[in-house]
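Commentary on secondary and tertiary structure
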Amino acid sequence: MKKIKTIRLLYFLLFINFFFGCVPPSSNPLTKTGFFFDTVITVTLYDSNDESLLEDCFSLAEKYESMFSATLPDSDISKINRAKGKPVEVREETITLLKKGLEYCKLSNGGFDITIGKLSSLWDFSDRQNASVPEPEAIAQAVSSIDYKKILIDGNNVQLKNPDAAIDLGGIAKGYIADQMKAFLNKNGVSSGTINLGGNVLCIGPKPDGSNYRIGIQKPFAAQGEAGAIVEVQSETVVSSGIYERYFKLDDAIYHHILNPATGAPYENDLLGVTIICKNSVDGDGLSTVCFSLGLEGGMELIENTNGAEAIFITKDNQFHCSSGIGDTVMFEEIQNAGNP
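Note that the structure is predicted; figures quoted are calculated from it, not measured.

Rules and cut-offs
Residues numbered from 1 in each chain as written. Predicted model: local features only at pLDDT ≥ 70, side-chain atom pairs only at ≥ 80, totals over all residues. Heavy atoms only, no water. Buried < 20%, exposed > 50% of the residue type's maximum accessible area, 1.4 Å probe, protein only. Helix = DSSP H or I, 4+ residues; strand = E, 2+ residues; numbered from the N terminus. Pairing = 2+ DSSP bridges. pLDDT = per-residue confidence, 0-100. Contact = heavy atoms within 4.5 Å. Arc of directions from axis to C-beta. Polar contact = N/O pair within 3.5 Å; in protein donor to acceptor, adjacent residues only side chain to side chain.

Let's talk about the pairing of strand β16 (residues 319-322)
Both faces of β16 are covered, namely the face carrying Gln319 and His321 and the face carrying Phe320 and Cys322. Connecting the antiparallel pair strand β15 (residues 309-315) and β16 is a turn made up of three residues, with Asn318 showing a positive phi of about 65 degrees.

Comments concerning the confidence of the model for the protein
Any residue range with low pLDDT should be treated as having predicted coordinates unsuitable for detailed reading. Put simply, the protein has an average pLDDT of 88, and 87% of its residues get 70 or more. In this model, residues 1-26 is a region of pLDDT below 50 whose contacts with residues beyond four sequence positions or in other chains number 87 contacts. The low-confidence segment residues 328-338 (pLDDT under 50) makes 32 contacts with residues lying over four places distant or belonging to another chain.

Structural notes on helix α5 (residues 136-143)
By the burial criterion, the buried members of α5 are Ile139, Ala142 and Val143. The buried residues of α5 occupy an angular sector of 100 degrees when the element is viewed end-on, so they sit on one face. Opposite the buried face of α5, at more than 90 degrees from it, the exposed residues are Glu137 and Gln141. The elements touched by buried residues of α5 are α4 (117-120).

Considerations on the side chain of Ser192
Here Ser192 is to be found in the loop between α6 (173-187) and β7 (193-197). Assessed through its relative accessible area of 2%, Ser192 is described here as buried. Looking at Ser192, its side chain comes within polar contact range of the side chain of Tyr213, at 3.1 Å.

If you want it as structure tokens, here you go:
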């Protein structure tokens, strides 16, 4: 069994202490919070008094956002998307992340596809009050541009063989950036801390006293900070994807941000969310989306055949289904009457 020690159900009054973080092992940890990648991010150090390390982490966040964003006009990804099928030279980090994204495209047989940019730009989940479903013709046109197999990488040059396609690395970039922050902090002597990039929680070592971090799993559709269970980890990442993260409701139907590249609409299956526990946050990012796309049965089969990764699936009947390295299925009893969208 891996470093995951246990999953426990807790009463809700305790959840806020755990969700998206951990119980501080000392009274004066260093912490910094900011806003990148359309989400709040927080870095906390427990064994360092060097505030410049936090500043450097946020400089890394800014650096990588300037490379990977599909909306910043001067990013590597935006330059590729605007090139109309011509090769574009990009930085080495962009090549690394593109190749990692393509690994998960292949693993999912296109259920996860980083050329989803035209489609994802049609859907706006930021304004629930005025949200609308894109026109069918626009969705069909966007879907026709999606095909990860038409990304050509030659050295540091990237070419979209379909000039109408657009890359969106939003499903995997945060995990990569968290891993780079952790590598930087390790190099500079930090051995205890957490990196939280809006749903991607990456733990650095154990707590200073050697104990585990306790990371909460969000209760679907409840107020942020209300969790249904916790996992205890050391030096691992906990990454969650769910339909309750970004969504809107229209005519009693829920439209969420995990889009099916084949249909252009949100995935429809029996899942509310998937949480991955593994070593690298970039893999947690990729696996959480791929497993969601595969559904409970297919996603569980993938995890059981993936070394170094465990998963927790939350189904619409409010049950936790845990991979074999974690334990048996856990009833999610406390959410029976809570958290309606």
